[in-house]
Amino acid sequence: MAPVDVQAGTRGEAPGDVKLVKSAERTIAILELLASAPQPLTTAEIFKQTGYPRSSLHWLLLTLLELNWIEQTPEGAYRIGTHALLCGTAYLDRDPVMEHVSAILEKVRNATTFTTHYARIDRSDVIYLATRQAVDRRRLSSRVGRKLPAQVTALGKAILAEYTDAEVRQRIGDGPYARLTPNSVPDFTALQAELADFRKTGHAIEWEQNTVGLCCVSVVVPYRIPGTDAMSCSMPVELATEGVIAETVETLHSAAGELARTLRAAGIR
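What counts and what doesn't
Every chain is numbered on its own, with residues counted from 1 as its sequence reads. Totals for whole chains, interfaces and linings use all residues, but because this is a predicted model, local features are given only for residues with pLDDT of at least 70 and pairs of side-chain atoms are given and counted only at 80 or more. Where side-chain values are given, they derive from all heavy atoms of the structure, hydrogens and water being excluded. UniProt positions are given in the numbering used here, feature names are shortened, and annotations may be inferred rather than shown by experiment. Structural elements are reduced to axes, namely lines fitted to C-alpha atoms, with helices fitted over the stretch in contact, and the angle between N-to-C directions of any two is expressed from 0 to 180 degrees. The secondary structure listing takes helices from DSSP runs of H or I that are at least 4 residues long and strands from runs of E that are at least 2 residues long, numbered from the N terminus. Any angle from 65 to 115 degrees is called roughly perpendicular, while one under 35 is roughly parallel, one over 145 is roughly antiparallel, and all others are oblique. Crossing handedness is read from the near helix: turned anticlockwise from the far helix by less than a right angle, it gives a left-handed crossing, and turned clockwise, a right-handed one. Contacts were defined at the residue level, with two residues in contact if any of their heavy atoms lie within 4.5 Å. Residues are grouped as follows: Ala, Val, Leu, Ile, Met, Phe, Trp, Tyr, Cys and Pro are nonpolar; Asp, Glu, Lys and Arg are charged; every other residue, Gly included, is polar. Cavities and pockets were defined on a 1 Å grid built from protein atoms only: a cavity is a group of points that admits a 1.4 Å probe but offers it no way out, a pocket is an open group of points flanked by protein on both sides within 12 Å along at least five of seven lines, and a lining residue is one with an atom within 4 Å of any such point. Grid points are joined across faces, edges and corners, and a volume is the space filled by probe spheres set on the points. Delimitation of the domains relies on an automatic or database domain assignment. The cut-offs for exposure are 20% and 50% of the maximum accessible area for each residue type, with area from a 1.4 Å probe on protein chains only; residues under the lower value are buried, those over the upper are exposed, and the others partly exposed. Among buried residues, those of type Ala, Val, Leu, Ile, Met, Phe, Trp, Tyr and Cys that are joined through side-chain atoms within 4.5 Å constitute a nonpolar core. Whenever a nitrogen or oxygen atom comes within 3.5 Å of another N or O atom, the pair is scored as a polar contact, on the condition that within protein one atom can donate a hydrogen and the other can accept it, and that pairs from neighbouring residues in sequence are kept only if both atoms are in side chains. By convention, a stacked pair of Phe, Tyr or Trp rings (six-membered ring in the case of Trp) has centres within 6.5 Å and planes under 30 degrees apart, an edge-to-face pair has planes over 60 apart, and any other such pair is tilted. For a Lys NZ or an Arg CZ to count as sitting over a ring, it must be within 6 Å of the ring centre and within 35 degrees of the ring normal.

By the naming in an unreviewed UniProt entry, the protein chain is Glycerol operon regulatory protein, taken from Pseudarthrobacter phenanthrenivorans. Of the comments in the UniProt record for the protein chain, the one headed Function (unreviewed entry) reads "May be an activator protein for the gylABX operon."

**With respect to the packing of helix H1 (residues 22–36) against helix H3 (residues 54–66)**
Remark: H1 packs on H3, axes separated minimally by 11 Å, with the N-to-C direction vectors making an angle of 65 degrees. The angle between H1 and H3 falls in the class roughly perpendicular. With respect to the hand of their crossing, H1 and H3 are arranged in right-handed fashion. Where H1 approaches H3, its residues Ser 23, Arg 26, Thr 27, Ile 30 and Leu 31 are matched on the opposing element by Ser 56, Leu 57, Leu 60, Leu 61 and Leu 64. Here the contact of H1 with H3 is composed, by residue class, of six nonpolar, three polar and one charged.

**Here's the deal with empty space enclosed by the protein**
With the rule as written, the count across this model stands at one cavity of 30 Å³ or more. The greatest single-element share of the lining of the largest cavity, amounting to three residues, is contributed by strand S9 (residues 214–220).

**Re the layout of surface pockets**
Here the largest pocket is characterised by a volume of approximately 1700 Å³. For the lining of the largest pocket, the secondary-structure elements that each account for two or more residues are strand S2 (18–21), H1, strand S4 (78–80), helix H4 (82–94), strand S5 (115–122) and strand S6 (125–132). Take the lining of the largest pocket: its biggest share by element is nine residues, from H1. Among the residues making up the lining of the largest pocket, the classes are represented as 23 nonpolar, seven polar and 11 charged. A domain split of the lining of the largest pocket shows at least three residues from each of domain 1 (22–86) and domain 2 (95–266).

**Thoughts on the environment of Val 221**
The residue Val 221 is located in the loop between S9 and strand S10 (229–236) in this model. For Val 221, a relative accessible area of 0% translates into the label buried. Sequence spacing of Val 221 and Tyr 118 is 103 residues, and the spatial spacing of their C-alpha atoms is 9.4 Å. In contact with Val 221, other than residues within four places in its own chain, are Tyr 118, Asp 229, Ala 230, Met 231, Ala 256, Leu 259 and Ala 260.

**Describing the nonpolar core**
Among the nonpolar cores identified, the biggest contains 52 residues, and Tyr 118 and Met 231 are the most heavily contacted of them. Counting residues per element, this core draws most heavily on helix H9 (residues 242–265), which supplies eight residues. Ile 30, Leu 57, Leu 61 and Ile 70 belong to the second-largest nonpolar core, a separate cluster that totals 14 residues.

**With respect to the side chain of His 117**
Along the chain, the position of His 117 falls in strand S5. Engagement of the side chain of His 117 in a polar contact is seen with the side chain of Thr 131, the distance being 3.1 Å.

**Some details on the UniProt feature "domain: HTH iclR-type" (unreviewed entry) in the protein chain**
Under the present numbering, the feature "domain: HTH iclR-type" (unreviewed entry) in UniProt falls on residues 21–82. End C-alpha to end C-alpha, residues 21–82 measures 24 Å, and it is 60% helix and 11% strand.

**Here's the deal with the packing of aromatic side chains**
What the rule picks out here adds up to zero aromatic pairs. The ring of Tyr 128 carries the charged tip of Arg 146 above its face, separated from the ring centre by 6.0 Å.

This is the structure in structure tokens:
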């Protein structure tokens with residue numbers, strides 16, 4: 001039997017001598033690349049962004065295509081396929097937290113009229129697990145499964161504020177960070193100052209740091225220590241007065257506390 005192709009490396013939050021299977025790592029990297037791309041990518045574009053050997057890349061793409069994990073456009077470019085959706089929805093169906101989230105998000109959305117999100121930290125990013133659209137649907141369009149850098153979202157900052165500065169730096173580095181808008185936090189020094197304020201107030205806020213025209217406030221759901229999940233409300237900046245933000249934060253704190261009590265009572269940690 002031929003030896004398994006592996007490389008040494010570490011992933012996640014805990015250090016260790018984890019041996020990564022190179023072919024599996026490359027397969028996942030291709031799927032994540034296609035999932036995050038705004039449009040289908042050609043083989044040449046995938047090669048340019050991954051640097052994988054052309055022969056290996058060719059067979060990985062053919063395998064993923066045959067198994068319906070990716071699809072090919074009439075022009076020959078690749079995009080994420082239906083089986084990726086099946087796995088994503090299976091995660092939401094089986095996560096014990098999510099069955100308790102919908103009713104709480106509905107309550108917050110109805111009380112505030114703003115689009116309400118639920119997200120979880122994933123290394124240096126946050127992944128949106130649930131969303132309830134604003135009463136006025138023109139205000140924001142968002143989707144479950146969206147992933148954004150933690151430092152440009154109120155959700156991510158609320159969770160990062162649960163950690164020490166050293167732990168935050170280990171997660172996301174010193175920067176400079178990618179700028180989604182001119183207001184995006186540029187580096188760790190700027191983020192550190194924001195997190196210090198958020199630890200005092202008990203909530204996080206961001207102004208147009210990932211989407212121009214939007215303000216977002218967020219609080220952690222305190223069922224784990226340190227927190228991993230948060231909920232937020234997004235609103236147009238012209239509506240984000242001091243009074244509206246204060247009322248929204250109060251509603252979020254009440255809902256997050258209620259959800260945390262429900263999860264702990266159900267034995268979910």
